[in-house]
Structure formats: C-alpha cells, structure tokens
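Coordinates in review
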Amino acid sequence: MASLLLKNGRVVTADSDSVCDVLVEGETIVAIGRNLPVQADQTIDATGKIIVPGGIDPHVHLEMPFMGTFSSDTHETGTRAALHGGTTTVIDFVLQKQGHSLREALTEWQGRATGTAVGDYSFHMAVTDFNPDTKEEIKDMIAEGITSFKTFMAYKGALMIDDAQMVGLMQEVKKHGGLVTAHATNGDMIDTLIAQHRAQGKLTPLYHYLSQPEVTEAEASGRFADIANYTGVNAYIVHLTCEGALNQVRRATERNQRVFVETCIQYLVLDASLYEDEVNGAKVVMSPPLREKKDQATLWAGINQGLVQVVGTDHCPFMWEQKLMGKDDFSKIPNGHPAIEHRMELLFSEGVTTGKISLQKFVEVTSTNAAKIFGMFPRKGTISIGADADLVLFDPEKKHTISADTHHMNCDYSAYEGWELTGKIDTVILRGQVAVQAGETKVGRGYGQFIKRGKTAF
C-alpha cells in the first residue's frame, strides 16, 4: 500500500487551521500532526501552501440532453476539468424521461459514467414523472446510495412536475429518509413572458433575462418551502440567485423550518448587464439568469449568515456553435455555461482574498457542507483520520489568468475570459493518488469511482 506524506502545509478545514503534516496510506488519511516521525513512499513539501479538502460540486450536468442537443462535457472531460479546479467529487443529475422509469434513466447515466470518469462522482435523481410506479422505485434508489431527488418547477412538457406530484414525491422521499431539491422558478409565468416577447419580435439574449424576473424565482422558492414544510421533508433549493428568493428562505426560518440553499459561482461574480451584448450575451444564457448587483450582495451576505450553505456551478457547457442555435431567438439558446474548473479558484480570489468570506467559510461552501447535506461526510469533505485522501494544495499568492485556450473543459469559450485571479491550485490528490500536479493530469479515464451516499447529516 503506497504512502504519501504532505509536510508543513497550512491545513484548513471548516473548523480548524494549523500548520502540520498529513500522512496518507492507500486511499485514506491515517495521521495528522506536527513533524510526523515517518518515512513515506512519496513526500510533498507543502510549505507556503494551503491544504483544503477536495472540492465537492453537487450541481453538474454532464452529457445532458437538452433542447435537441447534449451538454458538451462528458463524464471523462468534465470530471478531469473538475480535478484541475480542485473539485474531486461531483454530483450529476440523472433525468427521468416522462413515461419511463427511474431505473431506465439511471442505467443510461451509469453507461456514460462507469469506467470513464476521471474524478469521483455520484448522482441525484431528477423525477419528471411521479406516478404509482415511480413511487415504488424511490426506496430502491435510496438503498443504492442515490438519496436526493430533484424536481423542476419549470420546463413544462419536458421536466416540470405539478404541485400534486411534488407533494406525493416529498411524502415518499420523507418516508425513506431522503432529500428533495428544486429548480424553483415559476414555469407558467416564464413561458407566458417568453411567448409575449417573441410575439413582439424581442429576440435578443436580454429577453431571456427579462422573461425570468425576480418574482418568478421568489414565488416558486416560497411555494417549494411551503410544500416542504407541510410534508416535513429535507429540502434544498438549487442555484438560488436573488434577494427575493433568499428572503423566502429567511421567512421559512421564522417558523423553525430549515431549507438548504445552494448558489453558484456565476451569481456571485457576474451580473445581468452581460445580456446587453446581443452576440456574446448568449454565453451566459442560463436559468435562472444572472441577476443584479444587489443580488450579489445578498448572496455574499447569505453565505456569511449561514443561509446559503453551498456554492456549486450548475456546470452545463455548450460549444459556441450549439449556442448559435438561438442566434435569432433567445428561447432557442441552450441554457448553461462552463464553470466546473473555475469554481474554487474564483471563489478564493473573489471571496477569500478580498475579505468577503473566511478560509473556513470557503471550505464549508465548497466541500464540507455539501458532504454533510448529501450524505458523504466524513468520508468526503474534511481532512480527518479515516477520510478519503482528497486534498487540494493552493498557492495563495500566485496570480493567473482564465482563458478558453488553457482550460480543460470541452467548451470553446469562457465566461471569465481574461480574468486575473489571485490563488492557484498547485496539486490535487484524489483518494491518495496525485491526480493533478503543475497543470498535468496524473490519473486516467476510469479512475473516478461512484460514491454511494447516505442520508443528510447536517
């Protein structure tokens, strides 16, 4: 069993910060301490580096079928790019097809990921057709380690379920100890606004944004929280973007309810002014759309208040040629943008180095909280004895520039082209193996494992 010793790094977890050594044997951490009196097969001098737990991105869409095409990152390219960005585990979304079973969908996604993923992965199950047969499958999915179920409150006719189905799903998931997540936007309102704008010949990317005003997200977030409160299920809102939606979560806390909240890196650092560019605005067409500066301030505050527990990406990349499907009509632009590789470095540079969040909070929202909420803690999300040796060595002072020319995502543009960041990932270790070092991938296709998850432990 190979051993690895990291010496003299500043080891930071959600609740500790000290300069020490970390000893790894095989895939796990076996000792942590000052000046460990051991010899290892490999030693890395981490002096001057920050060591944090491997990142967990619980919101990615790899090879996702959408609007007649597929997102451009495979499980191989997407998890490799994630590793280069310090994210060692991702949770992808399996999408049930209406009229088909959850099992069929899971088999399809397993066929794409098994033996191809470079980094570790798990699955959420998106339920798009809740019926008596689907209901019977819930307990089997949870037994197999897929303990979270996504609902869409938009995309009628493809992904959306109605409130009656939502209640039924929540009651069944609650019975078996799982978690329900929601894309919380009011699909009927959005569809009506899209139709109005198209009828008026308003077809540029700006009207994607104007078709999803803040009220559409705030209303649905409140409704989701209300239904979850009624059923008593563990509830999680994905990609929350705005003040109105977060205020609905604040209100839920007043009745002693807990609603988990995820935002995404783009909503913290980009804003809706980008949609005014009639060509390049398509690069940031996503749902929900980018919001206003006041919403960014709300989200940063929400992280520090503990109302926002997770920063993910909703990574759903498309090549520019795919985005051009909607060059004459915003409603035909595939929704999503590439971010899986830049989440941790962007958050470190824009959050930690500017003083918006602490290093401990950075670890919480990039790794530890997701591990706890999605049933992977303490195997993942922490640096402790017995945990998987998923470790990221950060050079906190190093400056670098984001570019599509150098990123590893299968996407020919970047929403962050030319951004100069402070803080660069130096080395990434996944289950005891050096996976990325000095920009080179050191593990191959198929090294990634499926992570069987337990229940929420937050």
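Residues numbered from 1 in each chain as written. Predicted model: local features only at pLDDT ≥ 70, side-chain atom pairs only at ≥ 80, totals over all residues. Heavy atoms only, no water.

With that settled, the discussion passes to the overall build of the protein chain. For the protein chain, the helix and strand inventory stands at 13 helices and 19 strands. A compact globule built from 458 residues would reach a C-alpha radius of gyration of about 23 Å, and the protein chain, at 21 Å, matches this within 12%. Expressed as a percentage of its 458 residues, the buried residues of the protein chain come to 61%. Considering only intrachain contacts with a sequence separation of at least 6, the fraction spanning at least 24 residues in the protein chain is 76%. On the protein chain, the mean spot of the 43 positive side-chain charges and the mean spot of the 57 negative ones are 3 Å from each other. (Helix = DSSP H or I, 4+ residues; strand = E, 2+ residues; numbered from the N terminus. Rg over C-alpha atoms; globule rule 2.2 N^0.38 Å. Buried < 20%, exposed > 50% of the residue type's maximum accessible area, 1.4 Å probe, protein only. Contact = heavy atoms within 4.5 Å. Lys, Arg positive; Asp, Glu negative; His and termini not counted. Charge placed at Lys NZ, Arg CZ, Asp CG, Glu CD.)

A word on the nonpolar core. Counting 113 residues, the largest nonpolar core has Met 125, Phe 224, Leu 268, Leu 347 and Phe 362 as the members making the most contacts within it. For Phe 224, the contacting residues outside a window of four places in its chain are Thr 151, Met 153, Met 166, Met 170, Val 180, Thr 181, Ala 182, Ala 235, Tyr 236 and Ile 237. With 17 residues, the next largest nonpolar core counts Leu 6, Ala 387, Leu 391 and Leu 393 among its residues. (Core = buried A, V, L, I, M, F, W, Y, C linked by side-chain atoms within 4.5 Å.)

The topology assignment puts Gly 145 in the loop between helix H3 (132-143) and strand S11 (148-152). Sequence spacing of Gly 145 and Lys 452 is 307 residues, and the spatial spacing of their C-alpha atoms is 4.3 Å. Not counting residues within four places of it along the chain, the set of residues in contact with Gly 145 comprises Ser 122, Lys 452 and Arg 453.

This next bit is on the pattern of salt bridges. Across all of its chains, the model carries 29 salt bridges by this definition. One salt bridge in this structure joins Glu 136 and Lys 139, with 3.4 Å as the shortest N-O distance. Taken together, the residues Glu 136 and Lys 139, both in helix H3 and three residues apart, mark about one turn of the helix. Among the residues examined, Lys 139 registers a relative accessible area of 38% and is labelled partly exposed. The partner of Asp 388 in a salt bridge is Lys 380, and the shortest N-O contact between them spans 2.8 Å. Beyond isolated ion pairs, a larger network of salt bridges with shared partners links Glu 27, Asp 120, Arg 379, Lys 380, Asp 388, Asp 390 and Arg 431. (Salt bridge = Lys/Arg side-chain N within 4 Å of Asp/Glu carboxyl O.)

Taken in spatial order, the eight strands of this open sheet run S6-S9-S10-S11-S12-S13-S14-S15, and their pairing is parallel. Every interior strand has two partners, whereas the edge strands, strand S6 (55-60) and strand S15 (310-312), have only one. Strand-to-strand, the axes of this sheet are offset by a mean angle of 30°, without reference to chain direction. Two strands pair when backbone bridges link them, and strand S14 (residues 259-264) and S15 are joined in this way by three bridges, in the parallel orientation. The residue of S15 that forms the bridge with Glu 262 is Val 310. Taken strand by strand, helix H1 (residues 75-84) contacts strand S9 (87-95) and strand S10 (120-126), and its axis lies near 145° from that of S9. Set on the sheet, helix H7 (residues 214-231) makes contact with S11, strand S12 (179-183), strand S13 (234-237) and S14; between it and S13 the angle comes to about 170°. (Pairing = 2+ DSSP bridges. Axes fitted to C-alpha atoms, helices over the stretch in contact; angles between N-to-C directions.)

A full pass over the atoms with the stated rule returns 13 aromatic pairs. Among the aromatic residues, ring-to-ring pairing joins Phe 66, Phe 152 and Tyr 155 into one connected group. In this structure, Lys 150 is placed above the aromatic ring of Phe 93, and the distance from its NZ or CZ to the ring centre is 4.3 Å. Across from the ring centre of Trp 320, 5.5 Å away, lies the NZ or CZ of Lys 283, which sits over that ring. (Phe/Tyr/Trp six-rings, centres within 6.5 Å; stacked < 30°, edge-to-face > 60°. Lys NZ or Arg CZ within 6 Å of the ring centre and 35° of its normal.)

Moving on, we come to empty space enclosed by the protein. Enumeration over the complete set of coordinates arrives at two cavities of 30 Å³ or more. As a volume, the largest cavity reaches approximately 140 Å³. Along the walls of the largest cavity sit 14 residues, with His 61, Met 64, Tyr 155, Ser 287 and Asp 314 positioned nearest its centre. Residue composition of the lining of the largest cavity, grouped by class: six nonpolar, six polar and two charged. (1 Å grid on protein atoms, 1.4 Å probe; cavity = no way out; pocket = protein on both sides within 12 Å on 5 of 7 lines; lining within 4 Å. Points joined across faces, edges and corners; volume = space filled by probe spheres on them. Nonpolar A, V, L, I, M, F, W, Y, C, P; charged D, E, K, R; others polar.)

Our focus in this paragraph is the UniProt feature "domain: Amidohydrolase-related" (unreviewed entry) in the protein chain. UniProt tags residues 50-434 as "domain: Amidohydrolase-related" (unreviewed entry). For residues 50-434, helix accounts for 37% and strand for 20%, while the C-alpha atoms at its two ends are 16 Å apart. (UniProt positions renumbered as here; feature names shortened; annotations may be inferred.)

Given a rise of 1.5 Å per residue, 12 residues ought to cover 16 Å, and the 17 Å separating the end C-alpha atoms of helix H2 (residues 102-113) matches this to within 8%. Among the residues of H2, those classed as buried are Leu 102, Ala 105, Leu 106, Trp 109, Arg 112 and Ala 113. Projected onto a plane normal to the axis of H2, the buried residues spread over an arc of 120° and lie on a single side. On its buried side, H2 packs onto strand S7 (65-66), strand S8 (69-70), H1, S9, S10 and H3. Where H2 terminates, the next one or two residues include Gly 115, which has phi positive at roughly 80°. (Expected span 1.5 Å × (residues − 1). Arc of directions from axis to C-beta.)

Another point: the side chain of Gln 165. Along the polypeptide, Gln 165 turns up in helix H4 (residues 163-175). When neighbours within four sequence positions are excluded, Gln 165 is seen to be in contact with Asp 129 and Phe 130.

What follows deals with unusual backbone geometry. The amide bond that connects Ser 287 to the next residue, Pro 288, takes the cis arrangement and shows omega of -5°. Position of Pro 288 among the secondary structure elements: in the loop between helix H9 (265-269) and helix H10 (293-305). With an omega of 5°, the peptide bond running from Phe 377 to Pro 378 counts as cis. Assignment of secondary structure puts Pro 378 in the loop between helix H13 (359-373) and strand S16 (391-401). One non-glycine residue, Arg 431, lies in positive phi territory at about 45°. For Arg 431, a relative accessible area of 1% gives the class buried.

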